[in-house]
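Structure at a glance
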Amino acid sequence: MTTAQTQELDVQPTPLALLLLGREADPKSERGVECPGDLPSPSDPDLVERARKAKEKLGDKVFVLGHHYQRDEVIQFADVTGDSFKLARDAAARPEAEYIVFCGVHFMAESADILTSDDQKVVLPDLAAGCSMADMATAEQVAECWDVLTEAGIAEQVVPVSYMNSSADIKAFTGKHGGTICTSSNAERALDWAFEQGEKVLFLPDQHLGRNTAVRDMGMSLEDCVLYNPHKPNGGLTTEELRAAKMILWRGHCSVHGRFSLDSVNDVRERIPGVNVLVHPECRHEVVAAADYVGSTEYIIKALEAAPAGSKWAIGTELNLVRRLANRFAPEGKEIVFLDKTVCFCSTMNRIDLPHLVWALESLAEGNLVNRIEVDKETEAFAKLALERMLALP
């Protein structure tokens, strides 16, 4: 329909329509997406019984991993729950399980394949379950970045440190160039190690975890950090800026955590007097600086477990986990709310729904291997090297 036809019909595009067309932006969101409302109601109850029967038929041959951000209807079938690295290690500790069904996203399933034996097969119920943060750093972009660092004469001084939330290719690059992997729990230890090996760090792919760890936990200044933008020539930085920096941060972020703002913190303190603000270190620096507590998903869970009855908490992380924790601790009189009013569920994580899980389990029960995630041997070798360096951290 042409503009003239639209005007003739007196049809005015809504703000949402303009946003989807790319003609407007949401200035409060790093990703430009606002997602108020709830997920669809749980799937057909018959699927619950089908999942139970298929899992029962498979017995010890299958081991189901459930990331904290999964829907309740999926998490009920998980043999273990946790963050991405814990789950990958749990899978490696179950060599008798022929099939590892990973209810998470693609990079997590890759990590599980890297850490498990060749006899084990890792399955991702929906291949479209990716991670926007991991996708913000491709192997080609990082190779080009290394060329920029080489031309600036500093590559030999730089140690790459890659967040667990990265593709197998990025982990392999890290291993090949003498670096290590980190989680949100051990990022400070990883950076301490890296600065013992070299003078600078290239931190991939989450700028916020890198900046928050360097500045908040290690006492560096914001001026010690520069932001490398892979979509700009030379990363958008001068040679002098690269040479002066201690932390070269990749321009990547979590689409959920990156949306929390300082306004979110101020608003919740105004609405709920005495509230404790607890956020994930993938949040922006100003949010982390304004929070009372900062930590990984495991840290968040443990903090709420130890919290006194009657305490009030605003949590800055993915909504599925926050709701689960709110329901879990409500009987103890702990008030737990979501930090922001309109923040998306992790859309890619929520692609793993009950229909996909049922399909994967029933297929395996019938002897059909579906959606296998398999990392090639060379990539696996270098990625495993980087992971092993992390495991050896003091």
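In this text the structure is predicted, and so the values were computed from the model without any measurement.

Glancing now at the pattern of salt bridges. Any two side chains of opposite charge can pair, so long as their charged atoms come close to each other. With the rule as written, the count across this model stands at 16 salt bridges. Where Asp118 meets Lys377, a salt bridge forms, and the shortest distance between an N and an O atom there is 2.9 Å. In this pair, Asp118 sits in the loop between α6 (106-115) and β4 (121-123) while Lys377 sits in helix α18 (residues 377-391), placing the two residues 259 residues apart along the sequence. For the residue pair Asp118 and Lys377, the accessibility class agrees, reading exposed in each case. Taken together, the shared-partner salt bridges in this structure form one network comprising Glu49, Arg52 and Glu56.

Let's shift gears to the side chain of Thr180. Positionally, Thr180 belongs in strand β6 (residues 180-182). A distance of 3.1 Å separates a polar side-chain atom of Thr180 from the backbone nitrogen of Met390.

A full pass over the atoms with the stated rule returns four aromatic pairs. Here Tyr228 and Trp250 contribute two aromatic rings whose centre-to-centre distance is 5.3 Å and whose plane-to-plane angle is 25 degrees, an arrangement assigned as stacked. Of the two residues, Tyr228 is situated in strand β8 (residues 225-228) and Trp250 in strand β9 (residues 247-250); the sequence distance between them amounts to 22 residues. Both residues of the pair, Tyr228 and Trp250, belong to the buried class. Geometrically, the ring pair formed by Phe260 and Phe338 is edge-to-face, given 5.7 Å between the ring centres and 70 degrees between the ring planes. With Phe260 in the loop between β9 and α13 (262-271) and Phe338 in strand β13 (residues 335-338), this pair connects stretches of sequence that are 78 residues apart. Phe338 matches Phe260 in its accessibility class, with the two residues each being buried.

Looking now at the packing of helix α8 (residues 139-151) against helix α9 (residues 168-176). Packing of α8 against α9 leaves a shortest axis separation of 9 Å and a crossing angle of 25 degrees. One finds that α8 runs roughly parallel with respect to α9. Taking contact as the criterion, the partners of Ala139, Val142 and Trp146 in α8 are, on α9, Asp169, Ile170 and Phe173.

Glancing now at the nonpolar core. With 108 residues, the main nonpolar core has Val101, Phe203, Met247, Val279 and Leu361 as its most contacted residues. When residues in this core are grouped by element, the largest group, seven residues, is from helix α17 (residues 354-365). What Val279 contacts, discounting residues up to four positions off in sequence, is Val287, Val288, Ala291, Tyr293, Val294, Gly295, Gly316 and Leu339. Listed in part, the 21 residues of the second largest apolar core include Trp146, Ala155, Val226 and Trp250.

In space, the four strands of this open sheet follow the order β11-β10-β12-β13, with parallel pairing throughout. With partners counted over all chains shown, the strands left at the sheet margins are β11 (293-294) and β13, one partner each. Where strand β10 (residues 276-279) meets strand β12 (residues 312-316), four bridges bridge the pair, whose relative direction is parallel. Within β12, the residue paired with Val279 across the bridge is Gly316. The sheet strands contacting helix α16 (residues 319-329) are β12 and β13, and the helix crosses β13 at an angle near 165 degrees.

The contact between helix α10 (residues 187-197) and helix α11 (residues 207-217) brings their axes to 10 Å, and the two run at 80 degrees. As judged from the angle between their axes, α10 and α11 are roughly perpendicular. Residue-level contacts link Ala187, Glu188 and Leu191 of α10 to Leu209, Thr213, Ala214 and Asp217 of α11.

Moving on: the confidence of the model for the protein. Averaged over every residue, the pLDDT of the protein is 89; residues scoring 70 or more account for 89%. Every residue in residues 1-11 is under pLDDT 50, and counting partners more than four places away or in other chains gives three contacts. Across residues 16-36 the pLDDT falls below 50, and counting only partners more than four positions away or on other chains, this stretch makes 32 contacts in the model.

Taken together, the side chains of Glu140, Asp169, Asp376 and Glu378 present a region of like negative charge at the surface. Counting through the fold element by element, Asp169 comes out in helix α9. For Asp169, a relative accessible area of 40% puts it in the partly exposed group.

Another point: the sheet that holds strand β5 (residues 158-163). Pairing is parallel in the open sheet, where five strands are placed in the order β6-β5-β7-β9-β8. Looking at strand neighbours, the two that pair on one side only are β6 and β8, the edges of this open sheet. Across the sheet, the mean angle separating the axes of adjacent strands is 25 degrees when strand polarity is ignored.

Reading the values: the criteria
Residues numbered from 1 in each chain as written. Predicted model: local features only at pLDDT ≥ 70, side-chain atom pairs only at ≥ 80, totals over all residues. Heavy atoms only, no water. Salt bridge = Lys/Arg side-chain N within 4 Å of Asp/Glu carboxyl O. Helix = DSSP H or I, 4+ residues; strand = E, 2+ residues; numbered from the N terminus. Buried < 20%, exposed > 50% of the residue type's maximum accessible area, 1.4 Å probe, protein only. Polar contact = N/O pair within 3.5 Å; in protein donor to acceptor, adjacent residues only side chain to side chain. Phe/Tyr/Trp six-rings, centres within 6.5 Å; stacked < 30°, edge-to-face > 60°. Axes fitted to C-alpha atoms, helices over the stretch in contact; angles between N-to-C directions. Parallel < 35°, antiparallel > 145°, perpendicular 65-115°, else oblique. Contact = heavy atoms within 4.5 Å. Core = buried A, V, L, I, M, F, W, Y, C linked by side-chain atoms within 4.5 Å. Pairing = 2+ DSSP bridges. pLDDT = per-residue confidence, 0-100. Patch = residues over 30% accessible without salt bridge, like charges linked within 9 Å, V, L, I, M, F, W, Y side chains within 5 Å. Areas by Shrake-Rupley, 256 points an atom, 1.4 Å probe, with all protein chains shown as cover. Lys, Arg positive; Asp, Glu negative; His and termini not counted. Charge placed at Lys NZ, Arg CZ, Asp CG, Glu CD.

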